[in-house]
Structures are given as structure tokens and as C-alpha cells.
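Chains, contacts and geometry: an overview
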Amino acid sequence: MRSCYLQFLLLLLELLSCNATKLGFSFDLRINSEVKCIEEERQALLQFKQHLVDPSPLSSWNSGEDCCKWEGIKCSNKTGHVVTLDLQGKQVEGCLVDSLQFFEISSNRFTGPLPESIGNFSNLVNLGLGGNNFTGPLPESFGNLSNLEMLNVSGNSLTGVISEAHFSNLFKLKRLFLGLNSLILKFNYDWIPPFQLSVISLSSCRLGLAFPKWLQSQKHYAILEISNAGISDIIPAWFWDVPVELIDLDMSHNQLHGNLPDLSSSRFGYYVVIDLSSNQLNGSIPCFPSDVASLYLSNNSFSGNISFICEFTYQSLFLLDLSNNKLSGELPDCWMHVYGLINLNLANNNFYGKISHSMGSLVSLEFLHLSNNSFVGNLPSSLQNCSYLTTIDMGENNLSGMVPSWIGDSLPRLTILSLRSNGFYGSLPLNLCHLSNIQLLDLSLNKIGGTIPQCIKNLTSMSQKWRASHNGIYSVQRAYADHAPFVWKGRMAMFENSLGLVKIIDLSSNKLHGEVPEELTSLTELISLNLSRNNFTGSITLKIGLLQNLQSLDLSRNQLRGEIPTSISDISFLSYLDLSNNNLSGKIPTGTQLQSLNASAFMGNPELCGSPLPNKCPEDLYPICNDTRTCKNVDNQENVDDGLITQGFYVAMALGFVVGFWGVCCSLLLNLRYITMRLISNARMMLR
């Protein structure tokens, strides 16, 4: 109820003790005097005034006025809510606190330390202070709240030590939220709490190296969250005698070690979520209760096979994450036992052999991660039954065969397809162009030949802006955000929260040839394009500048020729470019981002010149004049009279040329006459 909203604000800051109290409260936002207060909040303020012993200090608070104009009251200019109550120095006296039972101000922007006087609100049942920015320690006076059933201070910036004194009188406490703070919990080893909790949320609190023994006294908790708590111990045997109500167990990101016992007969609640990821657990994976819903065991040291999935029919299991372990062997062929799986992650293990045909029975599967194992053979055609598939990540295996054409025909929801670093060959099937939702296409490091089909323009998701309110890729059936690894600006990267914004094509290190199709430039939302290490020929399309969102472009190690299009300098977000080892020529286009790149991005193109390469272009060495007047001035400057070459010099040179020319001619005529006379004389003598 909104009428409670004001009570919560008032009583947070030492409100209304039964003695005269000075009140001061400030929660500042920009204020607009034109905003009118919310009627329900105005009524709440008037009710507050009525309960005062002496209401005269608040004489401006009357029913006919806008409460945003009352003395000590300010409202938000956006929402109209009362955001500032300043009664400092008013000597307000009242006795409302005795009846207060619910105090909830979670998920706001309150700051500062928590006052000791909160312990005076002895009738409080629910105290919600989570999701703010309170600092300092948790006052020991909280231990006086003997009627408290729910305490939530999670998600603040609280520090200090929590001791037994904080809980000495909390006999009725049922729900405890201390997580996402920097609190240290220090209890005697044999301490038995005075309460029985249904919710225990202590994530990111320091619980000590030893597994907390006081949990053994808790018999009815449904939620236990002690992740990232600094525990370095084995899980004691008594712990697995868990309450039948348990539906959420999170002990991830600790240093828990040792083996897990057989848990198939443990009394977990229905649809239980178990998260033991990011620990140091080892040995084989045991059987779990058949009604487990989510099982996170990633980032441990489990070994052996995963035959446990064949032991039961896990009809409620929708998430199985066993990634980043030391698991091995062939995959079992009993995936019909977990037919409800939505997310299967077996990446980064040592599995080998063929991918099981029965995996096609996972008709609800959305996310399939099998990368970095040693799988061989073809992709099983039964996977085309999994029409909900959004992600297929099978990179870094030894798979072979042609890229199946059914991927484009049977998996319309596919958003991520990664088959990188395998042995696929043949040409790209035209059916891949049917993947209108694809955002990440990675077929790099294979033996794929042929050309890039012109229908690649039909990958329309890569030309459409992301319109969703979130930036990830999420399950349509469960609350789960996917993740995927890919090469980003020359390095391997892992994206999760922003995966929905990533639009990438990576066909590098294959045997593709022909020209890079102009149709690629219609995929205007691409942020990364990698076609390096192929046999592409021809020139770079003049329309490359249409890829305005491109941040990474790698066309290196091909046989591209011609000049670099000037439009490439229009790609303002381009921060990674590699055009090295081609046959490009001419001058590198001028653009701020191009000249700021390393020269290695253009190396291996002997006829390429200009910054950032060290070799200058001819037009830079010998500038070409486009202005005739300027050029004439340059010529005149080069032919300045040096004092030796005068007008007389040119006259003398002309006369000398004339005299010399006719002198030579006369000499030749005289010689010719002499030769003629000799020939006639010799002829006469012969006739005699």
C-alpha cells in the first residue's frame, strides 16, 4: 500500500520515538515546484500529523494544500513521490512506533550508516533495507527486534563483524538476507541459533574457512545461498541430510573439495536447483534425485564418465552444466532419460567418440555446448528434431563431413552457430541463408571451399537493430542467459550479458575463393567480419563503408588486389583492421582511425603506400599542382635570373647557331664539288 510508503520513509531515520525527537531526513532529487503530490501520500502525511502529541509544528500541513508545498516536504519532479522529509529542529513528538510492523524501503538509493535506534522498533515483523547503499556495520541493536521474522539488508555496502549478539533475541526470525555485502560472520563453533530459518541468504559474506556447523541446527530451510563465502573445507556428511523443503542450494565459488556421495535418495524439494560450480570437487559425478531441475557442476575437477544420467529418468531436469571439468569417455546413448533438457553444456572436457544419436530426443533443447572436446564423425541428423535450438557450439573438436544443409531448414530459431576448428569440408550450403535469426556465424578453421553465396544477404538479423529491453540471449522457456566464445579483435573472448548485441561472421582459415560478395555490405549491423586466410581474389567492394557498425575487419592473407576503397574511412567505429599480405596497391585512404592503426595492418602489400606505412606515395614525394597560377609561380621560382644568363646571352647563342650551321653547310658543298670532279676525272681515264 502506498500509505505505508511514507511511514517507511519517516521511521527509517529514528522516527517517532515516544520522547521528543529531532528529525532530519534528506533524499535529494531535482525538485520541481509545479509537481503535485500523490493523494495517497498526502493522506499518509496527514495521518502521521494526527498521531503527534503536538501537531502545531506542522501547521502548514492542511488538507486543502498540495503537500509538495508543505514545510519540510519536497517531491520528485519525475514521479511526484515525496522524496524529502526534513523536520530537523521541529521538536516533533509522537508515539506511532509501537504499532509499526512492516518497514520496507528496498531497491532505493538510501545511503549512510544504519542507526542504532532501529532496535527500538520492537514490534517490527518485516524489515526490508536491501538494494540500497547503506554503509558501515550492522548495529547490534538489531538483536532487540524480538518480533522480527524477516531481515533483509542484502545488496548494500555494509562492513564489519556479525556476532551472536546480533541474533540474541531474534527467536521468531525465519528469513535472513545478508548477502552481497562485505560482512564477516563470526560465531562460536558450537553456537546454536535461537531461530529456525526458511531462507538463508549469505552470498559474498565471509563465513570462515570451515564449513559453518551452525547450519546443522537448521531443519526447515528451503533456500540456502552461501556462495563466494570463503569456505575451504569438505562438505560434511551431516549436511546431506537436507530438509525436505530445500529447493535452492547455492554453494558455488568457494574452495569446497572432496567427493560427493550418492545423493539419489536425498530428500530434496521438488524442482530443486543445485549449484556447486566453481569449487575444487573431484571424483565421479554421483546420482542425484530424479526431481532435480538444475544442476550446475562446472569449473570443478570431476572425472570419469556421465553414466549417471542413465540411472534415472530426470523428468524435471532442464539444465545440466558439466563444463570445465576432467570428464571423459563416450557420451551415453540414453538422452531420452533427460528429455526435458533446455540447456546442455559439456564444453571443455575430454569426451571423445561420436555424438549420440539419441541427443535428437531432446526436443526442448535450446542451448547445446559441446566445444573443446574430441568428438569425431558427422553431426547427427537427429538434431534436426530439436527445432527450439538457439545455440549450437561444437567448436574445437574433430568433427568432419559437409556442413549439414538441414541446419538452415530445420532450426529456424538458431542464433549462434559455431563449428570452428573442426574438419568440415565442401562448400557452404545455400540453406544456411535461411537462418534469418543468426547473429553469430563461426565456421573458421575448417576446410570449407567454394564461394560465399550471394544469398548471405538473407541473414536479416545482422541487418536489424536490436529492439529488446535486454542485451543477452535468453531462453524462451526458463530464466537463463546464454554465453558463447568467439574471436574478437584477434583474441578469444567470452560474451554473456551483451551477447544479444554481438553480430559476427567468421569464415577465416578455410579454402574459400572468388570475390568477396557485395551482398555482405547489406548486413549493416555487423560488428565483426573475419575472412582472413582464404583465397579470395578481386577488389574490396566500394560499398564497404555501408558497414557503419563494424568494429573489427580482417581480410588478411588473401589475394585481394586494387586500391583500398576510400569509403572504409567512413566506418567510424572501426578499431581493428587487418589487410596485410594481399596484393593491394595505391594510397591508404585518409581517415583518423586508419592512420592511428599499426603499420602491420597493411604490411605485405608491396604496392601499398601512405601512412601508417613508412613508404611514401609518389604524390607525396612530388606534389601535383591543381592550381595553374600556383604552378606558374613555382616555375618562375625555379627559373630565377642568377645574373649570368641575360638577354645578350640568348642573342649570342642564336647568332652562333646560324653561323655554325651555314659554315658546316658550305664546307659540305665544297667537299661535294671536289669529290664530283675526282669521280669525273677517274671515269675519263678508264674510258681511254
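Refer to the preceding data block for the structure.
Residues numbered from 1 in each chain as written. Predicted model: local features only at pLDDT ≥ 70, side-chain atom pairs only at ≥ 80, totals over all residues. Heavy atoms only, no water.

**Overview of the overall build of the protein chain**
Broken down by element type, the protein chain carries 7 helices and 41 strands. When the 688 residues of the protein chain are sorted by exposure, 49% land in the buried category. The long-range fraction of contacts in the protein chain, counting pairs at least 24 apart against all pairs at least 6 apart in sequence, stands at 55%. Counting only carbon and sulfur atoms, one obtains 52% of the accessible surface of the protein chain, whose full area is about 33000 Å². (Helix = DSSP H or I, 4+ residues; strand = E, 2+ residues; numbered from the N terminus. Buried < 20%, exposed > 50% of the residue type's maximum accessible area, 1.4 Å probe, protein only. Contact = heavy atoms within 4.5 Å. Areas by Shrake-Rupley, 256 points an atom, 1.4 Å probe, with all protein chains shown as cover.)

**Brief notes about the side chain of S585**
Structurally, S585 can be placed in strand β40 (residues 583–587). Excluding residues that lie within four positions of it along the chain, S585 makes contacts with G562, E563, I564, E607 and L608.

**Details of the state of the cysteines**
Across all of its chains, the model carries 3 disulfides by this definition. The side chain of C310 participates in a disulfide bridge whose partner is C334; the two sulfur atoms lie 1.8 Å from each other. Torsion about the S-S bond of the C310 and C334 cystine: about -70°, corresponding to left-handed handedness. Of this pair, C310 sits in the loop between β18 (301–304) and β19 (319–321) while C334 is found in the loop between β20 (326–330) and β21 (343–345), placing the two residues 24 residues apart along the sequence. Assessed through its relative accessible area of 8%, C334 is described here as buried. Between the sulfur atoms of C609 and its disulfide mate C617 the distance is 2.0 Å. (Disulfide = S-S within 2.5 Å.)

**Remarks on the packing of aromatic side chains**
Enumeration over the complete set of coordinates arrives at 12 aromatic pairs. A centroid spacing of 6.4 Å and a plane angle of 80° characterise the contact between W191 and F195, whose relative ring orientation is edge-to-face. Here W191 falls in the buried class, since its relative accessible area comes to 11%. These aromatic residues form a ring-pair network of at least three members: F167, F187, W191, F195 and W214. (Phe/Tyr/Trp six-rings, centres within 6.5 Å; stacked < 30°, edge-to-face > 60°.)

**A short note on the sheet that holds strand β41 (residues 607–609)**
One open sheet accounts for 3 strands, arranged β38-β40-β41; its pairing is parallel. Looking at the sheet topology across the chains shown, the edges are occupied by β38 (561–563) and β41. For this sheet, the mean inter-axis angle between neighbouring strands, taken without regard to orientation, is 30°. Where β40 and β41 come together, 3 bridges link them in parallel fashion. Within the sheet, the bridge partner assigned to K587 lies in β41 and is C609. (Pairing = 2+ DSSP bridges. Axes fitted to C-alpha atoms, helices over the stretch in contact; angles between N-to-C directions.)

**Some remarks on the environment of T79**
Structurally, T79 is set in the loop between β1 (73–75) and β2 (82–85). Between the C-alpha atom of T79 and that of C37, which follows or precedes it by 42 residues, the distance is 8.8 Å.

**Here's the deal with the sheet that holds strand β30 (residues 447–449)**
The sheet built from 9 strands is open, its strands ordered β14-β16-β18-β20-β22-β24-β26-β28-β30 with parallel pairing. The two strands at the open ends of the sheet, each matched to only one other strand, are β14 (257–258) and β30. Inspection of the sheet shows β14 paired to strand β16 (residues 280–283) by 2 bridges, in the parallel sense. From the neighbouring strand, G258 faces β16, where its bridge partner is L281.

**Comments concerning the pattern of salt bridges**
Following the criterion strictly, the structure yields 3 salt bridges and no others. In this structure, the salt-bridge partner of R420 is D442, at a minimum N-O distance of 3.2 Å. One end of the pair, R420, is in the loop between β27 (416–418) and β28 (423–427); the other, D442, is in strand β29 (residues 440–442), with 22 residues separating them in the sequence. E518 is paired through a salt bridge with K543; the nearest N and O atoms lie 3.1 Å apart. Residue E518 is located in the loop between β34 (513–515) and β35 (528–530), and its partner K543 is located in the loop between β36 (535–537) and β37 (552–554); the two are separated by 25 residues in the primary sequence. Since its relative accessible area comes to 40%, E518 is described here as partly exposed. (Salt bridge = Lys/Arg side-chain N within 4 Å of Asp/Glu carboxyl O.)

**Regarding the environment of G143**
In this structure, G143 sits in the loop between β6 (133–136) and β7 (150–152). Sequence separation of G143 and S122 is 21 residues, and the distance between their C-alpha atoms is 10.0 Å. Other than its neighbours up to four places away in sequence, G143 contacts A165, H166, S168, N169 and L170.

**As for unusual backbone geometry**
Cis geometry marks the peptide bond from S611 to P612, where omega comes out at 10°. With respect to the helices and strands, the residue P612 is situated in the loop between β41 and α5 (618–621). Despite not being glycine, L180 shows a phi value in the positive range, around 60°. Inspection of the secondary structure assignment puts L180 in the loop between β9 (175–177) and β10 (182–185). Despite not being glycine, E396 shows a phi value in the positive range, around 60°.

**So, the side chain of S316**
Along the chain, S316 turns up in the loop between β18 and β19. Separated by 3.1 Å, the side chain of S316 and the backbone oxygen of V292 make a polar contact. Aside from chain neighbours lying at most four places away, what touches S316 is Y271, S290, D291, V292 and A293. (Polar contact = N/O pair within 3.5 Å; in protein donor to acceptor, adjacent residues only side chain to side chain.)

**Observations regarding the pairing of strand β17 (residues 292–296)**
In terms of burial, β17 is a largely internal element, 4 of the 5 residues being buried. As defined by bridge partners, strand β15 (residues 272–275) adjoins β17 across 4 bridges and the pair is classed as parallel. Each residue of the ladder has a partner; that of I274, found in β17, is L295. As paired strands, β17 and β19 are joined by 3 bridges and run parallel to one another. Bridging from a neighbouring strand, L295 pairs with L320 of β19.

**Quick look at the environment of G136**
Here G136 shows up in strand β6. Counting along the chain gives 47 residues from G136 to L183, while the straight-line C-alpha distance between them is 9.6 Å. Not counting residues up to four positions away in its chain, the partners in contact with G136 are S157, L158 and T159.

**As for the pairing of strand β26 (residues 398–402)**
Note that strand β24 (residues 374–377) and β26 share 2 bridges and pair parallel. Bridging across to β26, V376 finds its partner in N398. Across 3 bridges, the pairing between β26 and β28 is parallel. Looking at the pairing, M402 lines up with Y425 of β28.

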